[in-house]
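# Coordinate inspection notes
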Amino acid sequence: MGKLPRISGQKCIKALIKAGFYFKRQTGSHIVLRKDKPFNQLVIPDHKELDRGTLRAIIRQSGLSIDEFIKLL
């Protein structure tokens, strides 16, 4: 398992789009991404730098492993 990098919300969103998610909507600084099959919905804060705990939770909810996510960056 690789170490989590310090990345922005936009970089996280770009990696998740490569994994099959698409933009659904935005409310303030929070962007909602969705995947239809299997259904999955994530809320990503559009911040300059995501906390490691927040990033870890996003990766866990997306169904990806940390190594798979890092390869998408």
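In this report, the structure presented in the accompanying data block is examined. The structure displayed is predicted, hence computed values, not measured ones.

A few words on the nonpolar core. Membership of the largest hydrophobic core comes to 18 residues, with the highest contact counts inside it found for Cys 12, Leu 16, Leu 33, Ile 44, Leu 55, Ile 58 and Phe 69. Looking at this core, the elements with two or more residues in it are helix H1 (9-18), strand S2 (30-35), strand S3 (40-45), helix H2 (52-62) and helix H3 (66-72). The dominant element in this core, judged by the number of residues it contributes, is H1, at four residues. Beyond its immediate sequence surroundings of up to four residues, Leu 55 is in contact with Leu 4, Pro 5, Ile 7, Cys 12, Leu 50 and Phe 69.

The next subject is the pattern of salt bridges. Summed over the entire model, instances satisfying the criterion amount to one salt bridge. For the salt bridge of Arg 6 with Glu 49, the shortest nitrogen-to-oxygen distance reads 3.6 Å. Of this pair, Arg 6 sits in the segment before H1 while Glu 49 sits in the loop between S3 and H2, and the two are 43 residues apart along the sequence.

Moving on, we come to the sheet that holds strand S1 (residues 22-27). The antiparallel open sheet is built from three strands, whose spatial order is S1-S2-S3. Edge positions in the sheet fall to S1 and S3, since each has one partner strand and no second. Across this sheet, the average inter-strand angle for adjacent strands is 25°, counted without regard to direction.

Listing the buried residues of H2 in full gives Leu 55, Ala 57, Ile 58, Ile 59 and Ser 62. Buried residues along H2 sit against H1, S3 and H3. Directly after H2, the chain includes Gly 63, whose backbone phi takes a positive value near 85°.

As a further point, take the environment of Leu 42. Tracing the backbone shows Leu 42 in strand S3. The exposure class assigned to Leu 42 is buried, which follows from its relative accessible area of 1%. Separated by 19 residues in the primary sequence, Leu 42 and Phe 23 have C-alpha atoms spaced 9.9 Å apart. Setting aside chain neighbours within four positions, we find Leu 42 in contact with Leu 16, Phe 21, Ile 31, Val 32, Leu 33, Ile 58, Gln 61 and Ser 62.

Moving on: the side chain of Asn 40. Following the sequence through the fold, Asn 40 ends up in strand S3. Looking at Asn 40, the relative accessible area reads 16%, which means it is buried. If we skip the residues at most four places from it in the chain, Asn 40 touches Phe 21, Leu 33, Arg 34, Lys 35, Gln 61, Ser 62 and Gly 63.

About the cut-offs
Residues numbered from 1 in each chain as written. Predicted model: local features only at pLDDT ≥ 70, side-chain atom pairs only at ≥ 80, totals over all residues. Heavy atoms only, no water. Core = buried A, V, L, I, M, F, W, Y, C linked by side-chain atoms within 4.5 Å. Buried < 20%, exposed > 50% of the residue type's maximum accessible area, 1.4 Å probe, protein only. Helix = DSSP H or I, 4+ residues; strand = E, 2+ residues; numbered from the N terminus. Contact = heavy atoms within 4.5 Å. Salt bridge = Lys/Arg side-chain N within 4 Å of Asp/Glu carboxyl O. Pairing = 2+ DSSP bridges. Axes fitted to C-alpha atoms, helices over the stretch in contact; angles between N-to-C directions.

These figures come from the coordinates and say nothing about function on their own.
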